[in-house]
Amino acid sequence: MKLGSLVTIILAGCGGLAAGYWLGHDRGESDGRVAAERRIAALSSQQQGEVKQSVVANQEPAPVAEAGLVTLPAGYEKMTLPEILDAAGPMERFQAIMARVQRMPKGEIESALKEMKKFTQGRFDPESMFATHLLLTRYGQEDHVGALAYLKGQDVWTQGFGMSTVLSSLASRDPKAAAEYFKDENNAALNMPQISGFMSGAVAKEWARQDPEGALTWAKGLREGLGGGAMASIIGSVAVQDPQKAAGMISDLKSGDDKNRVIDSLAQGWGARAPEEAMKWAATLNGEERTKALAKTLEGWAGNDPASAAAYVSQSATSGERDKLLAGVAGPWSRKEPDQAAAWLQSQAEGKGKEEATRQLMWTWTAAQPAQASTWLAQQPEGPSKDEGIITMAGQTFSTDPEAAVTWAATIGDADKRKTHLKRGVEGWLKKDEPAALRWLQSSSSLTPEERTSFVPVKK
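K.L.:
Could you give me a rundown of the nonpolar core, with the residues and numbers involved?
P.N.:
Counting 116 residues, the largest nonpolar core has Phe-182, Trp-218 and Trp-281 as its most contacted members. A total of eight residues in this core trace back to one element, the largest contributor, which is helix α25 (residues 415-443). Other than its neighbours up to four places away in sequence, Trp-281 contacts Ala-247, Ile-250, Ile-263, Leu-266, Ala-267, Trp-270 and Ala-293.

Given below as structure tokens:
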């Protein structure tokens with residue numbers, strides 16, 4: 001899974017927990033009076049006077065801004081959270097959710113999460129995920145022990161993603177207390193690399209904002225799989241202000257998957273902000289670390305200035321590295337200017353890098369401009385890269401145009417790949433629309449007689 005998208009999945013995982021709780025319900029006359037008195041006491045004398053005047057006039061007190069709290073939008077004052085989630089106006093929904101969760105008594109947070117799980121079953125809209133995330137954040141602030149105990153009763157994915165939120169909240173106040181959680185080797189969430197790495201990263205990110213050196217010392221002591229996420233967050237935070245310092249921190253790490261993750265994170269971010277400096281740093285590394293750092297730096301660079309990144313590959317990369325760097329440029333470039341990315345890629349020599357770059361190009365280009373992508377691909381010389389482009393185009397178009405997909409698959413040059421992907425496409429089409437697939441099988445000039453016979457299903 002790519003790091004760039006880990007935060008959406010995590011929120012979707014929390015969304016499985018979530019559904020609406022009647023956050024706007026009456027809390028009882030006594031509780032309401034006490035809360036109101038405390039808020040009024042915090043106001044200025046002028047504001048207190050305004051509130052008292054409205055009470056004397058037998059009117060609802062005019063809304064006043066409570067210290068540190070988001071104001072409920074007009075019309076949302078008496079809405080429950082489910083009503084907020086279904087109301088019109090996205091900006092107002094987000095504001096109202098924040099206001100409701102901020103004002104919720106801490107003893108009601110767990111009940112709210114349980115109700116959220118029922119209410120949002122099957123819905124993954126941003127507001128529902130946002131509401132769940134805020135509830136878990138509040139729970140972590142108010143009662144992290146209770147929050148962690150609640151999450152341990154959930155499925156492993158929900159547990160891991162939810163605990164990332166709770167531990168992050170705890171770490172903002174007491175990072176060493178949050179770090180204690182990672183000593184529990186019996187916790188299943190700690191044995192799932194993607195989840196555990198995100199969890200350690202969430203704690204490390206908050207810790208690094210207070211004490212980056214202390215956070216790094218902790219991260220270095222974590223076992224393989226946990227340390228990478230933590231160190232990537234710490235060094236990534238440092239890199240925003242001082243990438244050279246972050247690079248120095250990496251040099252002290254022992255080689256392995258965790259170090260590679262940190263290099264990837266630094267290289268891509270630094271490449272997006274200051275690519276020439278980042279390339280100089282990447283060039284100082286050795287072996288596979290150097291190649292990976294160059295590729296990720298180019299990926300970040302290409303996201304902002306793909307033509308310059310491509311020029312570097314063509315003019316400055318060594319012949320041994322060039323093939324490994326093509327995809328890092330072609331992927332981001334194809335999302336911006338696929339025709340220009342294609343023209344550049346066409347000039348590159350065959351190799352595994354060009355095959356991967358062609359896959360990335362055709363996946364994006366086919367989705368956005370299928371006619372242009374198809375025309376370009378048809379003009380390419382036969383070879384492994386063209387075959388990869390055909391396979392990608394066929395896969396991208398099958399759901400909307402299975403005939404075009406299998407027709408393309410029949411043109412794959414490699415005999416084994418052609419057989420595999422043509423068979424897969426025809427079998428899928430027969431399930432989707434058997435009459436149309438049979439007509440194509442009988443009329444297509446791309447098939448041999450043996451293929452035509454072998455693909456026709458045997459009637460029982």
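K.L.:
Which residues make up the packing of helix α17 (residues 287-304) against helix α19 (residues 319-336), and what are the values?
P.N.:
It is the contact of α17 with α19, at a shortest axis distance of 8 Å, that shows an interaxial angle of 20°. One element, α17, and the other, α19, form an angle in the roughly parallel class. Once α17 is placed against α19, the crossing between them reads as right-handed. Contact residues: α17 offers Glu-288, Arg-290, Thr-291, Leu-294, Ala-295, Leu-298, Glu-299, Ala-302, Gly-303 and Asn-304, while α19 offers Glu-321, Lys-324, Leu-325, Gly-328, Val-329, Pro-332 and Lys-336.

K.L.:
Lay out helix α5 (residues 90-103) in plain terms, naming residues and giving numbers.
P.N.:
Between the first and last C-alpha of α5 there are 20 Å, a value that for 14 residues agrees with the 20 Å anticipated at 1.5 Å per step. For α5, the set of buried residues is Arg-93, Ala-96, Ile-97, Ala-99, Arg-100, Val-101 and Arg-103. Turning to α5, the residues buried within the fold contact α4 (81-85) and α7 (126-142).

K.L.:
Give me the lowdown on helix α24 (residues 402-409), citing residues and values where you can.
P.N.:
Helical geometry: 3.6 residues make up each α-helical turn, so side chains three or four residues apart lie on a common side. Within α24 the residues assigned to the buried category are Pro-402, Ala-405, Val-406, Trp-408 and Ala-409. Mapping the buried residues of α24 onto a view down its axis gives an arc of 155°, with all of them on the same face. Residues of α24 that are buried sit in contact with α22 (370-378), α23 (384-397) and α25.

K.L.:
Let's hear about the pattern of salt bridges: which residues, and what values?
P.N.:
Tallied over the entire structure, the rule returns 17 salt bridges. The partner of Arg-209 in a salt bridge is Glu-206, with the nearest N and O atoms 3.0 Å apart. Within this pair, Arg-209 and its partner Glu-206 are both found in helix α11 (residues 193-210), separated by three residues, close to a single helical turn. By relative accessible area, Arg-209 is classed as exposed at 57%. Judged by its relative accessible area of 17%, Glu-206 falls in the buried class. Across the salt bridge formed by Lys-296 and Glu-299, the nearest N and O atoms sit 3.5 Å from each other. Linking Lys-296 with Glu-299, this pair stays in helix α17, spanning three residues, or about one helical turn. By relative accessible area, Lys-296 is classed as partly exposed at 23%.

Scoring rules and cut-offs
- Residues numbered from 1 in each chain as written.
- Predicted model: local features only at pLDDT ≥ 70, side-chain atom pairs only at ≥ 80, totals over all residues.
- Heavy atoms only, no water.
- Core = buried A, V, L, I, M, F, W, Y, C linked by side-chain atoms within 4.5 Å.
- Buried < 20%, exposed > 50% of the residue type's maximum accessible area, 1.4 Å probe, protein only.
- Helix = DSSP H or I, 4+ residues; strand = E, 2+ residues; numbered from the N terminus.
- Contact = heavy atoms within 4.5 Å.
- Axes fitted to C-alpha atoms, helices over the stretch in contact; angles between N-to-C directions.
- Parallel < 35°, antiparallel > 145°, perpendicular 65-115°, else oblique.
- Left-handed = near helix turned anticlockwise from the far one by under 90°.
- Expected span 1.5 Å × (residues − 1).
- Arc of directions from axis to C-beta.
- Salt bridge = Lys/Arg side-chain N within 4 Å of Asp/Glu carboxyl O.

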